[in-house]
Structures are given as C-alpha cells and as structure tokens.
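Chain residues, written in single-letter form:
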Amino acid sequence: MTTITTHVTRADQAANPYFYIPFDVPEATTRIDVVLTYAKAEDCIIDLGAFDPRDTGYPTQQGFRGWSGGARDRFFIATDDATPGYIHGEIQPGTWNVILGLYQVPVAGADVTVAITLDSAHRRLEPQPARTFPVRSEPGWYRGDLHCHTFHSDAKGSPELLHAAAKQAGLDFLAVADHNTITQRRYFHPQSSPELIFVRAMEVTTAVGHANVYGMDEWVDFRMTHPSDAHVLERLVHEKSGLLSINHDKPTIPWDYEFPAADCQEVWQSTWLAWNWISLERYQQRLAAGLRISAIGGSDYHQPDRLMPEGPLVLARPTTVLFLPELSEDAVLAAMKAGHGYVTESPTGPHLEIRVGDIVMGGMARALASIEVVARGAAGDLLVLIDATGPVARLEIDSDDWSASVPLPAVQTFIRAEIIAGDASRARLVAEFAAALDGRALPWQLKGADLVDQPIRRALGNPIYIGA
C-alpha cells in the first residue's frame, strides 16, 4: 500500500478546483483500491475521482475512470468490476491520478491522505454492456423524467430501485443523469425495453453550474474552470451529436458560465415551489432575446434506498411530455431538440398544447391571427398565453376537457402557454407539499408571504416561434 499525504489550501482551490495526486501503476495490475481521508466538516468537502494515463488534460476524450464527488471516500477499479461511478476494464500501466474536487476548503486548509493499494491477482477482463435499441411503434404523447440519480453518483438507491420507481409512476422514458459519470449504463442499457426506454444522459456538475448532456455514448469532460468553458462543453457535446441542456438555472446552483448554444433548458426542476419561477423568468428572457431553446423538466430525484410511494417530491415531478412518432431514444431526443412537448406537474398532471394549423409547439409560423389551445385535467385553473413582451391573453379553464381558438394581437417573437393553478388546485398542491415534507425544512422552500404571492404553474408549453 502507498500512502500519500498532502495539504490543500484555498490558494490551490483558486488556482484550479481540481487537484491531482499522481501514482504509478505497473504492468499486470488488475485492481486498484483508493481510500481518501480528511477531516470532513461543513466548510471542508472534497470530491473524489480517477483518471488513467490516457488523460490529456481538459478537455480530454480518454482516460476518465470514475467520479463519485463527495458521496464516497473510497473506490476500486478492476478489470472485471468497479465501484459504482467508476469504469471497470483494462488497467493501463503508467501514471494514474486521483483527482480531488476542492469543493469546500477551510481557511486554514486541510490535510488530505490518499491510500492506494494495487493488486495483480488473476481477474477476467469484462466488456462494457452493449447498447440496445428498443422501439414501440405507436405515435402519441409519451411521458418521462429527464433528470434523476442513482448510487452511481450521490443517491442511495440502486438502478433497480429507480427502474421500479419509473414503472410505478407509469413513465415511458427515463434519462438517468448521474453526476460526471456514465457507469449507470451498465445497468440501464440491457434493461431498456419498449415498455421503458432509457435515454443516455450525464449531468456535468461543477461548483458554479450544472448541465445535462443527452444521447451520447461517450463521457464528457466536466473539469470546467473558466466562464468560456461553456462553449467548450457545447462543442464536445455537439461534435458527438448529443444534446446540451442547462439545468435548474436558479438558487441554489444557478448557471454562472457564459450561456452556450444549448439545445434545451430545464425550466422546471423538482416541485414548482423550489424557485422554478426564476428558471422560467430566465428562460423567458432568453426567448425574448431571440434564442430558440426547448423547455424541458426533470425531477432531479435522488433515488433513496427503498421504493417510495407516489407524491410531490418523488420521480417524475415534474414530467416532460413529448409527442413522438414512435417511442425510441432517437424519437425522444429529436422531440426534445424540436420542442414538441410540454412540462407538467406529474405523470397525471394537466395536458397542454397549442398549435397554429399544422404548426405545433417548437414550430415556426410566419404570422398568426389566432391560436388553438387544448388543456385537459385543469378545470378551475387559468390558461395564460405569453409572447416576448409578457402575457397577451388570460382565459379561465372551465372544464377538464377544454379547448379554445384564441384571437391574438400582433405577437412578438414567439407564443407559449402556461396553466396556472386556481384556488382549489393551489390549496391542494400546497397541502400535498406540506404533507410530503412532514415537518422537514428544505433549504429552498418558500415560507409565509413569499408563498402566498407566488403563482403556481401546473404545466408549461414550448413556444411556437414567429418569423421567416
């Protein structure tokens, strides 16, 4: 065993939030064990990961071997298996690096010890699982969650439990976006089926912003250190034909990088009461500035170590609903990019769509004098139509199967729709939220007058754009 002790400081953190501890791995090594020790505290949080000798520095396309953030203090990598979040397989000889993420460093700095054990016992070389391509050949509206986590990053629950939660919620597709790693696919690739399609995903997680990448087999380098690195991320994703989505641009982790050419924005994360009106306001501002970016939602659910009952703080709250020609990963990705859908409060939340003739959400209209609106399951709520200047029409929804042709004044840039909770829906939603908390406090929850004054959205539709 090799033991390495070092002292990290805030100066190290300011120079580079990623701190590297090199170690040599000889030929014929079949397993590496690493244990991290430091005095954990509220002001001392250090993340953990590993890179092999193929790492070329940011942005690398090879050499990543795992990341567990602050969720673990140890890992192993072997030819036949690895700790969740870490990649098993061939162990290349040469200089490896334990990577420490200096997330929180106390004023006095911190002593960090890394213990490394190498083993050369005979082990099989296990391949990575093959990707599957299931399809359900039926057009229609399909429901999914585009942001959730397992114990391959910082949740306690296994992929099997998350799979059961998705089936319990009645979802058709699921994107498991564990933090800075793609090893959850060892489970989800073989389990993808026409009943529940898994969409490849990873959450790029840094101290000053999170983003999801979708539809890529490759891991994406998360070691962003400059505001302009958002454009590097964009290039890495689009070179591999993936989609880039900016996550939960609101407290407590807003997007503090330059804004890249993203395909989507997560405008609704977890319960609406978790500051989502800030994400929506920023989305509105970007649309008004002329960006064409699809609105999606995701629960950011961290699966516990047991299957939870349905409620306002579990998987698929909110749910992203997409119109697809078939249920497949390719169709989900295409609809996400095109904006052919809406976000609703739950798998049974209100249905919302707008169209101009044959032009649907995400499409382009040269001009419009009126718009067709459909809302289901929202009797007693309010339908609001919004363009670049703000609300342009408000209508009471008087039945659970409601539609209207709405004449419009001159619309600027785009038109989109929201369903806002009426008094009865609002009272129910607030009561359900309080019951789910069961006396707990969440760092972002509203209290008192703030809650009274905040409209609660039940569904958000993608825009129809106006122009050539």
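Please refer to the structure higher up on the page.
The present account deals with the structure reproduced in this document.

1. Notes on the pattern of salt bridges
Under the definition given, this model contains 26 salt bridges. Measuring nitrogen to oxygen at the nearest pair gives 2.9 Å for the salt bridge that ties glutamate 329 to arginine 200. Of this pair, glutamate 329 sits in helix α6 (residues 329–338) while arginine 200 sits in the loop between β12 (197–199) and β13 (201–206), and the two are 129 residues apart along the sequence. By relative accessible area, which is 7% here, glutamate 329 ends up buried. One salt bridge connects arginine 235 with glutamate 239, and the closest N-O pair in it is separated by 3.3 Å. Here arginine 235 and its partner glutamate 239 are both found in helix α4 (residues 229–239), four residues apart, which amounts to about one turn of the helix.

2. A short note on the pairing of strand β24 (residues 370–376)
Across five bridges, the pairing between strand β21 (residues 351–356) and β24 is antiparallel. When the sheet's bridge partners are listed, isoleucine 354 is paired in β24 with valine 373. Here seven bridges tie β24 to strand β27 (residues 401–407), and the two strands are oriented antiparallel to one another. Residue glutamate 372 lies in a different strand from β27, and its bridge partner there is serine 405.

3. Some thoughts on helix α5 (residues 276–288)
Owing to its 3.6 residues per turn, the α-helix aligns residues three or four sequence positions apart on the same side. The end-to-end C-alpha separation of α5 is 18 Å, in line with the 18 Å expected for 13 residues at 1.5 Å each. When α5 is considered as a whole, its buried residues turn out to be Asn276, Trp277, Ile278, Ser279, Leu280, Tyr283, Gln284, Arg286 and Leu287. Just beyond α5, the residue with positive phi is glycine 290, at close to 105°.

4. Thoughts on the environment of valine 176
Considering the arrangement of structural elements, one finds valine 176 in the loop between β11 (173–175) and α3 (185–191). Between the C-alpha atoms of valine 176 and arginine 223, which are 47 residues apart in sequence, the distance is 20 Å. Every residue in contact with valine 176, bar those within four places of it in the chain, is listed here: Cys148, Thr150, Leu162, Gln184, Phe188, Val199 and Ala201.

5. Considering the environment of tyrosine 283
Structurally, the position occupied by tyrosine 283 is in helix α5. For tyrosine 283, a relative accessible area of 1% puts it in the buried group. In this view, tyrosine 283 contacts Gln265, Val267, Ile293, Ser294, Ala295, Asn462 and Pro463; residues no more than four positions away in its chain are not counted.

6. Quick look at the sheet that holds strand β3 (residues 31–37)
A sheet is described by the order of its strands in space; here four strands give the open sequence β1-β8-β3-β6, paired in antiparallel fashion. Whereas interior strands pair on both sides, the edge strands pair on one side only; in this sheet they are β1 (2–8) and β6 (74–78). Each neighbouring strand pair of the sheet contributes to a mean axis angle of 15°, computed without reference to strand direction. Here β1 pairs with strand β8 (residues 110–119) via seven bridges, running antiparallel. Bridging across to β8, valine 8 finds its partner in alanine 110.

7. Side note on the sheet that holds strand β2 (residues 18–25)
Read across the sheet, four strands follow the order β2-β7-β4-β5 without closing on themselves; strand pairing throughout is antiparallel. With partners counted over all chains shown, the strands left at the sheet margins are β2 and β5 (64–69), one partner each. Strand after strand, the sheet turns through a mean of 20° between neighbouring axes, direction not considered.

8. A short note on the side chain of serine 158
Looking at where serine 158 falls in the secondary structure, it is placed in the loop between β10 (148–149) and α2 (159–169). According to the relative accessible area criterion, serine 158 is buried, its value standing at 14%. Discounting residues that sit within four places of it in the chain, serine 158 has contacts with Thr150, Phe151 and Gln303.

9. Section: α4
Those residues of α4 not exposed but buried are Asp229, Ala230, Val232, Leu233, Glu234, Leu236 and Val237. Looking at the buried residues of α4, the elements they touch are β13, β14 (209–214) and β15 (243–246). Where α4 terminates, the next one or two residues include serine 241, which has phi positive at roughly 60°.

10. Comments concerning the nonpolar core
One finds Val213, Leu233 and Trp255 to be the most contacted residues of the largest nonpolar core, which totals 47 residues. Breaking this core down by element, the ones donating at least two residues are β5, β13, β14, α4, β15, β16 (264–269), α5 and α7 (423–437). Sequence-distant contacts of leucine 233, defined by excluding residues within four places in its chain, comprise Tyr58, Val204, Ala211, Val213, Val220, Met224, Leu244 and Trp255.

11. Digging into the side chain of histidine 189
Assignment of secondary structure puts histidine 189 in helix α3. The buried category is assigned to histidine 189, whose relative accessible area is 12%.

12. Some points on the packing of aromatic side chains
Per the stated rule, a full pass over the model turns up 17 aromatic pairs. Both rings, one in tyrosine 187 and one in phenylalanine 188, keep their centres 4.9 Å apart while their planes meet at 85°; by these two values the pair is edge-to-face. There is no split in this pair, since tyrosine 187 and phenylalanine 188 are both buried. With centroids separated by 5.4 Å and ring planes inclined at 40°, the aromatic side chains of tryptophan 275 and tryptophan 277 adopt a geometry described as tilted. An aromatic cluster is defined as three or more aromatic residues linked by ring pairs; in this entry it consists of Tyr18, Phe51, Phe64, Trp67, Trp219 and Phe222. Its guanidinium or amino end placed over the ring of phenylalanine 76, arginine 31 lies 4.0 Å from that ring's centre, counting from NZ or CZ.

13. A word on the pairing of β21
In terms of burial, β21 is a largely internal element, five of the six residues being buried. By the bridge criterion, two bridges tie β21 to strand β22 (residues 359–360) in an arrangement that is antiparallel. Bridging across to β22, valine 356 finds its partner in isoleucine 359.

Calculation notes
- Residue numbers run consecutively from 1 along every chain, following the written order of its sequence.
- Whole-chain, interface and lining totals are the exception, using all residues; otherwise, since this is a predicted model, local features are given only for residues with pLDDT of at least 70 and side-chain atom pairs are given and counted only at 80 or more.
- Heavy atoms throughout the structure, all of them, feed into the side-chain values; hydrogens and water do not.
- Between Lys or Arg on one side and Asp or Glu on the other, a salt bridge is scored when a side-chain nitrogen of the former is within 4 Å of a carboxyl oxygen of the latter.
- Secondary structure is summarised from DSSP: a helix means a run of H or I of at least four residues, a strand means a run of E of at least two, and numbering begins at the N terminus for each.
- Type-normalised accessible area, obtained with a 1.4 Å probe on protein chains alone, sets the label of each residue: buried when under 20%, exposed when over 50%, and partly exposed for intermediate values.
- Strand pairing is defined by DSSP finding a minimum of two bridges between the two strands.
- Take the residue count of a helix, subtract one, and multiply by 1.5 Å to get its expected span.
- Note on contacts: a residue pair is in contact if any heavy atoms of the two residues lie within 4.5 Å.
- Axis definition: a line fitted to C-alpha atoms, over the contacting stretch in the case of helices. Angles run 0 to 180 degrees between N-to-C directions.
- Take the buried Ala, Val, Leu, Ile, Met, Phe, Trp, Tyr and Cys residues and link them wherever side-chain atoms come within 4.5 Å; each set so joined is a nonpolar core.
- Any Phe, Tyr or Trp ring, taking Trp's six-membered ring, that has another such ring centre within 6.5 Å forms a pair; planes under 30 degrees apart are called stacked, those over 60 apart edge-to-face, and the others tilted.
- Over a ring means this: the NZ of a Lys or the CZ of an Arg is within 6 Å of the ring centre and within 35 degrees of the ring normal.

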